[in-house]
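Structural overview
Each chain, letter by letter, is given below.
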Number of protein chains: 2
Amino acid sequence: MNEIPYKIYLTEDEMPKAWYNLRSAMKNKPAPLLNPGTHEPMKAEELAPVFCEELIKQELDNDTEYFPIPDEIYNFYKMFRPSPLVRAYFLEKALGTPAKIYYKFEGNNTSGSHKLNSAIAQAYYAKKQGLKGVTTETGAGQWGTALSMACSYFGLDCKVYMVKVSYEQKPFRREVMRTYGADVTPSPSMTTNIGKKILEAHPGTTGSLGCAISEAVEVATSTPGYRYVLGSVLNQVLLHQSIIGLETQAALDKYGEKPDIVIGCAGGGSNLGGLIAPFMRDKINGDLDCRIIAVEPASCPSLTRGVYAYDFCDTGMVCPLAKMYTLGSNFIPSANHAGGLRYHGMSSTLSQLYDDGLMEARSVVQTDVFKAAEQFARVEGILPAPESSHAIKVAIDEALKCKETGEAKTIVFGLTGTGYFDLVAYQKFHDGDMSDYIPTDEDLQKSFDTLPKT
Amino acid sequence: MNEIPYKIYLTEDEMPKAWYNLRSAMKNKPAPLLNPGTHEPMKAEELAPVFCEELIKQELDNDTEYFPIPDEIYNFYKMFRPSPLVRAYFLEKALGTPAKIYYKFEGNNTSGSHKLNSAIAQAYYAKKQGLKGVTTETGAGQWGTALSMACSYFGLDCKVYMVKVSYEQKPFRREVMRTYGADVTPSPSMTTNIGKKILEAHPGTTGSLGCAISEAVEVATSTPGYRYVLGSVLNQVLLHQSIIGLETQAALDKYGEKPDIVIGCAGGGSNLGGLIAPFMRDKINGDLDCRIIAVEPASCPSLTRGVYAYDFCDTGMVCPLAKMYTLGSNFIPSANHAGGLRYHGMSSTLSQLYDDGLMEARSVVQTDVFKAAEQFARVEGILPAPESSHAIKVAIDEALKCKETGEAKTIVFGLTGTGYFDLVAYQKFHDGDMSDYIPTDEDLQKSFDTLPKT
């Protein structure tokens, strides 16, 4: 009998009662959002037509340490939380490593990922404000599914703009959203001005996340009783996702464990920002000596090859400007099956931490990611999402380094979700049809040239 | 704060150390398997070319109460067990019922169902016997996926015959099996004599479970170092699945709860037989006053409209005869999306219990099942498999009866798995394209006429 169990579950009573605001610990705060017209920092009243009031407060607050989790959200969390922290005994054995590997598994809910942590919070504040509904975009579909579940729970209307290529290739994701009563539209669509404009200019386009954001924002701001919600990038989202890291730390504390390395995949930064929150705080305060690694696809390398600058968050340029590591809002990543990691920019909070040297970043190619995914599935019995598998890949790399050096490091990574809706990608991997295209320096330079001047 | 948590997890130490053999408590033992040629009870040596030795012992043993779970299996169980017993607070509230509803959720593993409980046991005994590999059939794909995972873990070769219609309609299930290294063949195929014969007679056939069984058995018995394994119906399978019921009872005991009604879906009987094992024992012994309800699809109603007789288990008539409630081995159910519930017969153990009046049975039509599934998904946040949703439907019905009478009954049902691979069926339901065809008495009589004379 191992002293540390395979799965560490906190009791419901041990679930964190408040979200932790990592910005409160940062010496250099993330740069503010700018008005795209005036280039002045956005004020709460300017954001009010787009976002819910309480969420704007959370977005702009760099100082408050803890935000209590409202009862209704806390109650809903019990549907799928606390989530297990798994000791990867099977993987350790397969690798023959002295490292201790843990992963926080967020996939045991129908949205299949961590996205539900923020979706239910955002739906709650929309309901509390007396709104009729919310709009959003979704790429791979995890966020759209999570929001559909959350809106169904609070009886809110939910309009999802789904990137057309995903809408067509992932009819099952769409069907789950329908099960929860959401209204799903392929983007670009003829339901918005920006959609019409894009379709006129590019009649055959299969859409992009940036374009779907523009459509969702347009509908939210032009429909009475609606607001827009976003599943990543924003400070408020990282705040809600801090429950991942808080639970992880509480579970490790039970067994006197401290991580030497914390690893997470990074697209917009929602999972990584949540997972690392308490560990980064302790690192900043000098209470914890640990490395924190963001893993991104080599096909969309915003941290490892992007520039740190103000950029548009969306293609239609209707959103505020955000300072972030970015590839330029015109950057179109090559075919990459980790749909959730295809965003051109990175959360301002994580960008600042990276710029301050508090976080490392690494990029990995797709076939290596799927090799790691398959290896993991075979021994740990969970079919990981392609996004999550980026973290698996680097966790395995670090564990193998420990094997060489003989060090028994404690490695913690975020397993954000399951791959049940990503089997077309697994099939391509099995059939040898997967591409590892990496953008050239020229590709990137072209995209950087379109950055706004601020 | 509710005294009983939303999810009751046993600790790893509390996980049952032995499987419970329900047959040991039965006054009327299930009828023995018969040799299809001599109509004499099958002896162990006659079963040896088909099944693994240890599994034959388990199959034929009606007396031993407990079989200790070998360490290797116990260890593997920790990958996904103990599984949660969930108090359905959200569903209770939505129904406005005084009933206390619990469900045992077996879907939190990549096979997506309870099938892994027996798959790992059967793979273990095959490995222990020094075999090279095993063969099996799969319909909906849960069993094939579970066996692929189990064989991958023990380094066994795994040949799966997948009913052709599922093979084509569920490419994703196939892909998960490939991830675990299994060899998947659409059935009927040209790789077996029985497959060739069926394809010659019916060139356009999309296959059936009975036919896939015949092919898998043929390959197992004609290939050195291989045996056949089955995911349901057999006594050994119910034995392994008893861990579901044992955990459920242990979790209820922690809170002093006793079920008034236990509900499970029933196809071949693997989930139901496992879930009810300790409760049925207590009922037989007079220690528990509870109703036990098997729920089957109205399109394939073996308990509610079948006959209790010896019948063939497979289309090719190569398997032993089993006494069971059956619709006749030639019965072809109409299109029904609960692939796991399409078998023409029912486990001999459950058939005997039903015949003895210890168990009730109810049949439900498909659209009602999906209505219940959607209602459940919306409030409990789990997308249920169509099979499992049969149990949900009857649990809701019983809870609503409690609402009428004001009784606070304790209802326990088995949520065997998730519906991630069943979204074509959900889509048909949403689009109003779902049929509720029920076989006529003439349909059934035609099929009964083909029963073997014993």
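Treat the numbers as computed from the prediction; the structure is a model and nothing was measured.

With that settled, the discussion passes to the side chain of Gln236(A). Residues and elements named next belong to chain A. Position of glutamine 236 relative to the elements: it lies in helix 11 (residues 235–254). Side chain to side chain, glutamine 236 and glutamate 59 meet in a polar contact 2.9 Å long. In this structure glutamine 236 touches Leu55, Gln58, Glu59 and Gln122, once residues within four positions along its chain are discounted.

What follows deals with the sheet that holds strand 14 (residues 360–364) of chain A. All names here are of chain A. Ordered in space as 1-4-5-15-10-11-14, the seven strands form an open sheet in which the pairing is mixed. The open sheet has two edge strands, strand 1 (7–8) and strand 14, and neither has a second partner. Direction of pairing for strand 10 (residues 261–265) relative to strand 11 (residues 291–297): parallel, over a ladder of five bridges. Looking at the pairing, valine 262 lines up with isoleucine 292 of strand 11. Relative to the sheet, helix 12 (residues 270–284) contacts strand 10, strand 11 and strand 15 (410–415), its axis offset from that of strand 10 by approximately 155°.

Here we come to helix 11 of chain A. All names here are of chain A. Here helix 11 contains 20 residues, and its C-alpha end-to-end distance of 29 Å stays within 8% of the 28 Å for a straight helix at 1.5 Å per residue. Remark: the principal bend of helix 11, roughly 30°, maps to glutamine 241. Most of helix 11 is tucked away, with 17 of its 20 residues classed as buried. Looking one or two residues past helix 11, glycine 256 carries a phi angle of roughly 65°, positive in sign.

For the rest of this paragraph, the subject is the environment of Leu350(B). Residue and element names in this part refer to chain B. Within the element layout of this structure, leucine 350 appears in helix 14 (residues 348–355). Along the backbone, leucine 350 and leucine 272 are 78 residues apart, and their C-alpha atoms lie at a distance of 8.4 Å. Here leucine 350 is in contact with Leu238, Gly269, Leu272, Gly273, Ile276 and Met359, once residues within four sequence places are set aside.

So, about the domain arrangement of chain A. Residues and elements named next belong to chain A. With domains assigned, chain A is organised as domain 1 (19–70 + 114–228) and domain 2 (85–112 + 236–448). The straight-line distance from the C-alpha centre of domain 1 to that of domain 2 is 22 Å. On the side of domain 2, 46 residues touch domain 1, which itself brings 51 residues to the contact. Here domain 1 meets domain 2 over a buried area of about 4200 Å², counting both sides, of which 63% is carbon and sulfur. When residues of domain 1 are sorted by the area they lose upon contact with domain 2, Tyr20, Leu22 and His114 head the list and together hold 17% of the total. Applying the counting rule to domain 1 against domain 2 returns one salt bridge. Ionic pairing is found between lysine 170 and aspartate 422, a salt bridge with its closest N-O pair at 3.0 Å. Viewed at the interface, domain 2 and domain 1 are joined by 18 residue pairs in polar contact (both at pLDDT 80 or more). Elements with a contribution of two residues or more to the side of domain 1 that touches domain 2: strand 2 (18–20), helix 2 (53–60), strand 3 (66–68), helix 5 (116–128), helix 6 (142–154), helix 8 (171–179) and helix 10 (209–222). Tallied by class, the residues present in the side of domain 1 that touches domain 2 amount to 31 nonpolar, 13 polar and seven charged.

What counts, and at which threshold
- All residue numbers refer to positions counted from 1 along the written sequence of the respective chain.
- Numbering of ligands from 1 and lettering of chains from A proceed in the order in which they are written.
- Two thresholds apply to this predicted model, a pLDDT of at least 70 for residue-level local features and 80 or more for giving and counting side-chain atom pairs, whereas whole-chain, interface and lining totals are computed over all residues.
- Hydrogen atoms and water are omitted, and side-chain values are computed over all heavy atoms in the structure.
- Helix numbers and strand numbers start at the N terminus; a helix is a DSSP run of H or I with at least 4 residues, a strand a run of E with at least 2.
- Here a polar contact means two N or O atoms within 3.5 Å. Within protein one must be a hydrogen donor candidate and the other an acceptor candidate, and residues neighboring in sequence count only if both atoms are side-chain atoms.
- Whether two residues are in contact is decided by their heavy atoms, any of which lying within 4.5 Å being enough.
- What makes two strands pair is DSSP finding at least two bridges between them.
- As a rule, the C-alpha atoms of each element are fitted with a line to give its axis, helices using only the stretch in contact, and angles between N-to-C directions run from 0 to 180 degrees.
- To estimate how far a helix should reach, multiply one less than its number of residues by 1.5 Å.
- Throughout, bend refers to the angle between the axes fitted to the seven residues that end at a position and the seven residues that start at it.
- Residue burial is assigned from relative accessible area. The probe radius is 1.4 Å, only protein chains are included, and a residue is buried under 20% of its type maximum, exposed over 50%, and partly exposed in between.
- Note: domain ranges come from an automatic or database domain assignment.
- When two parts are brought into contact, each loses some accessible area as probed by a 1.4 Å sphere; the total of that loss over both is the buried area.
- A pair is scored as a salt bridge if a Lys or Arg side-chain nitrogen falls within 4 Å of a carboxyl oxygen belonging to Asp or Glu.
- In this count, Pro and Cys sit with the nonpolar residues alongside Ala, Val, Leu, Ile, Met, Phe, Trp and Tyr, while Asp, Glu, Lys and Arg are called charged and the others, Gly among them, polar.

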